[in-house]
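Now for the letters of each chain:
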Amino acid sequence: ESAPVFELVREAVESSSRPVLVGIVADESPSTVEALIAEARRAGASGAAIIGTVAGAAGGRIAGLPAYRASRDQLRLLRERWPEGVVLVSGAVHEPWQALELVREGASMISVDTGLIFTGPGLPKLINEALLAENVPRSVSSPEGPTEADRPVEQSWVPGCSSAACSRSESPRPGSFSRTTKRS
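Residues numbered from 1 in each chain as written. Predicted model: local features only at pLDDT ≥ 70, side-chain atom pairs only at ≥ 80, totals over all residues. Heavy atoms only, no water.

### Quick notes on the nonpolar core
The nonpolar side chains of a soluble globular protein tend to be buried, and buried together.
Here comes step 1: Ranked by size, the top nonpolar core spans 32 residues in total, and within it Val22, Ile24, Ile50, Leu75, Leu78, Val89 and Leu102 carry the most contacts.
Here comes step 2: Mapped onto this core, the elements with two or more residues apiece are α1 (2-15), β1 (21-25), α2 (30-43), β2 (47-51), α3 (68-81), β5 (86-90), α4 (96-104) and α6 (123-134). (Core = buried A, V, L, I, M, F, W, Y, C linked by side-chain atoms within 4.5 Å. Buried < 20%, exposed > 50% of the residue type's maximum accessible area, 1.4 Å probe, protein only. Helix = DSSP H or I, 4+ residues; strand = E, 2+ residues; numbered from the N terminus.)

### Overview of the pattern of salt bridges
Here comes step 1: Under the defined criterion, the tally for this structure stands at 13 salt bridges.
Here comes step 2: Of the charged contacts, one joins Glu14 and Arg10 as a salt bridge, the two residues approaching to 3.2 Å between their closest N and O atoms. Pair noted here: Glu14 and Arg10 are both in helix α1, with a separation of four residues, about one helical turn.
Here comes step 3: For Glu14, a relative accessible area of 59% translates into the label exposed.
Here comes step 4: The closest approach of N and O atoms between Arg81 and Glu34, which form a salt bridge, is 2.7 Å. Taken together, the residues span a long stretch of sequence, with Arg81 in helix α3 and Glu34 in helix α2 at a distance of 47 residues.
Here comes step 5: For Arg81, a relative accessible area of 34% corresponds to the partly exposed category.
Here comes step 6: Taking the relative accessible area as the measure of exposure, Glu34 reaches 31% and is therefore partly exposed.
Here comes step 7: When salt bridges that share partners are traced, they join Arg72, Asp73, Arg76, Glu101 and Glu105 into one network. (Salt bridge = Lys/Arg side-chain N within 4 Å of Asp/Glu carboxyl O.)

Shown next, in the form of structure tokens:
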């Protein structure tokens, strides 16, 4: 079963200039995930996308909040086995604290979907404000903390900042952020 995965990923990597992520459902077994990770890494994938669904009744899948814990646990496993990989966590986030927890656990990116329906269209803004208020460090290229390559010259883009530039502060705390308004 892993040979087709390897071949598919290798073909995708060779035919695209974009990063290739392997999709993994939130409730996939650890042994299957470990096999997928090994094959994906060997084939040159950049990381994984955790698909925020869990098994439902009659063979269906349930998306959204019921998949949050499984998505978080899958993220932990992926970070243990593939620390340098990009990990996108898709769905299952309905509240800002959930996004904060996923970022702390090592999510490279978070995609909200059902949260927009149940929490409302302001959810990305609430998540952004929570990230800024908590000074949650962003993923960086070095486990020791940000390097010069991680520090942008002028600003870091943070989704949801439309009227203000969100940039890393000059404070001594690595990875901290501050909100500064642009002056003309």
